[in-house]
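# A structural walkthrough
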Amino acid sequence: MDGRYFADRRQVRRRPKQTERGITMGFVVCEVCDWLNDEAAEEIAEALNMHMDAHPEKH
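Just so it is clear, the model here is predicted, and its values are computed rather than measured.

Conventions used here
- Residues numbered from 1 in each chain as written.
- Predicted model: local features only at pLDDT ≥ 70, side-chain atom pairs only at ≥ 80, totals over all residues.
- Heavy atoms only, no water.
- Helix = DSSP H or I, 4+ residues; strand = E, 2+ residues; numbered from the N terminus.
- Buried < 20%, exposed > 50% of the residue type's maximum accessible area, 1.4 Å probe, protein only.
- Lys, Arg positive; Asp, Glu negative; His and termini not counted.
- Salt bridge = Lys/Arg side-chain N within 4 Å of Asp/Glu carboxyl O.
- Polar contact = N/O pair within 3.5 Å; in protein donor to acceptor, adjacent residues only side chain to side chain.
- Contact = heavy atoms within 4.5 Å.

Structurally, Arg14 can be placed in strand 2 (residues 11-14). Summary of buried charges: Arg14 has no salt-bridge partner, and the nearest side chain of opposite charge, Asp2, is 7.6 Å away. A polar contact of 2.6 Å, which involves the side chain of Arg14, links it to the backbone oxygen of Gly3. Discounting residues that sit within four places of it in the chain, Arg14 has contacts with Gly3, Arg4, Tyr5, Phe6, Gly26, Phe27, Val29, Met52 and His59.

Structure, rendered in C-alpha cells:
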C-alpha cells in the first residue's frame, strides 16, 4: 500500500495508499490503445513514479 503506479497489461494502475485518515483505494489511471504494446504502459507507470518521487505533494 504505497500508492505507487504499476502496469497491468495495457492498463496503468495506482496501488492503494495508507493515509492519516485510512486507506485510499487503488484505481485505473489510463489504458494504452491497441496499437501500443504492454511496454508503453510500463513506461507511463515508470514516468508517473519518477514524477511522484520528484513532486510528492502533487500526488
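The residue Arg9 is located in the loop between strand 1 (5-8) and strand 2 in this model. Put simply, Arg9 and Glu39 are 30 residues apart on the chain and 8.3 Å apart in space, counted from C-alpha to C-alpha. Not counting residues up to four positions away in its chain, the partners in contact with Arg9 are Asp38 and Ala41.

That is the geometry; function is a separate question.
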